[in-house]
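Structural features, examined
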Amino acid sequence: MPVRNKTRKPDSSPLLAALVQKEVLGLFALAIVALFFYVWFLNHQESRAEKYFADMRTSNPVKYLNEVKQVSGFEDFLREYARIKGYDTFKPKTPEFLLGRWSITPVAKRVSDSYESISCMNPLLIENGRITYPGENHPRTGLTFRLNGPLLTVRQPGQPEEIIRIVSSGVFLHHLELVLPGETKTSYGYRCK
């Protein structure tokens, strides 16, 4: 006697296929609606953030600049700083984040983002409206400064303009790159402690 297969194939009825198809279409429609609301929510949050930053830019520029630095990094901070503080034109006051002593080296150092040099012999000294270069006994005065992105242009009456490149890493000002007076090679400045 032949052996019969007693397993039964499930009924593939048209009613079951229609229910599955409706269920899939319903899930697909639900996914589209959820995606629409998600995109709307993101746009709403972005417009709220833009309004928040626009209000802060006028009501509390110091906090705004700090937020820009923390959220977008030092390069975006430089652009906003120039616009808010008026450094898109020449000003006699030095940008405050450059004030202080800078250890000058002939080669770039591979150091951390927040590195400060311990040794500061014969430094570059940047003060308000004045710069004293290494080896000079007296500061150069009557200077004006302009920021264009990461480039600081230093103008002194009767002298050619000098460019100091501000190199950042994330939220930190990492180092300066400049050609010292009387030299042709780039030197690197790291903040001194």
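So, here's what we can say about the structure. If you're wondering where the values come from, they're calculated on a predicted model, not measured in any experiment.

Quick look at a nonpolar patch on the surface now. Residues Val33, Leu35, Phe36, Phe37, Tyr38, Val39, Trp40, Phe41 and Leu42 make up a contiguous nonpolar surface patch of roughly 940 Å² in combined accessible area. When you line up the elements, Phe36 lands in helix α1 (residues 14-59).

Unfilled space is identified by rolling a water-sized probe across the atoms. Going through the model one piece at a time under the given rule, you end up with 1 cavity of 30 Å³ or more. Space inside the largest cavity adds up to approximately 50 Å³. Residue lining of the largest cavity: Tyr133, Arg140, Leu143, Val154, Arg155, Gln156, Gln159, Pro160 and Glu162, and that is the complete set. Residue composition of the lining of the largest cavity, grouped by class: 4 nonpolar, 2 polar and 3 charged.

Moving on, we come to the state of the cysteines. Working definition of a disulfide: a covalent bond connecting the sulfur atoms of two cysteines. Overall, the coordinates contain 1 disulfide when judged by the stated rule. The partner cysteine of Cys120 in its disulfide is Cys192, sulfur to sulfur 1.8 Å. Disulfide Cys120-Cys192: the torsion about the S-S bond is 75°, which places it as right-handed. Note that Cys120 is positioned in the loop between β1 (100-105) and β2 (124-127) and Cys192 in the segment after β8 (186-191), a separation of 72 residues in sequence.

We now examine the pairing of strand β6 (residues 162-169). Relative to β6, strand β5 (residues 151-155) runs antiparallel, the two sharing 4 bridges. Considered in β6, the bridge of Leu152 is made with Ile164. Taken together, β5 and the strand that follows it, β6, pair antiparallel across an intervening segment of 6 residues, in which Gly158 is found at a positive phi of about 80°. In this structure, the hairpin formed by β6 and strand β7 (residues 172-179) is closed by a connection of 2 residues, where Gly170 is found at a positive phi of approximately 65°.

Here we come to the nonpolar core. In this structure, Phe97, Leu98, Ile166 and Leu176 are the most contacted members of the largest nonpolar core, which totals 28 residues. Listing elements by their share of this core, those giving two or more residues are α2 (61-72), α3 (74-85), β2, β4 (144-148), β5, β6 and β7. Sorting elements by how many residues they give to this core places α3 first, with 5 residues. Filtering out sequence-adjacent residues up to four positions away, Leu176 remains in contact with Leu98, Trp102, Leu124, Ile126, Ile164, Arg165, Ile166, Ser187, Tyr188 and Gly189.

Reading the values: the criteria
- Residues numbered from 1 in each chain as written.
- Predicted model: local features only at pLDDT ≥ 70, side-chain atom pairs only at ≥ 80, totals over all residues.
- Heavy atoms only, no water.
- Patch = residues over 30% accessible without salt bridge, like charges linked within 9 Å, V, L, I, M, F, W, Y side chains within 5 Å.
- Areas by Shrake-Rupley, 256 points an atom, 1.4 Å probe, with all protein chains shown as cover.
- Salt bridge = Lys/Arg side-chain N within 4 Å of Asp/Glu carboxyl O.
- Helix = DSSP H or I, 4+ residues; strand = E, 2+ residues; numbered from the N terminus.
- 1 Å grid on protein atoms, 1.4 Å probe; cavity = no way out; pocket = protein on both sides within 12 Å on 5 of 7 lines; lining within 4 Å.
- Points joined across faces, edges and corners; volume = space filled by probe spheres on them.
- Nonpolar A, V, L, I, M, F, W, Y, C, P; charged D, E, K, R; others polar.
- Disulfide = S-S within 2.5 Å.
- Pairing = 2+ DSSP bridges.
- Core = buried A, V, L, I, M, F, W, Y, C linked by side-chain atoms within 4.5 Å.
- Buried < 20%, exposed > 50% of the residue type's maximum accessible area, 1.4 Å probe, protein only.
- Contact = heavy atoms within 4.5 Å.

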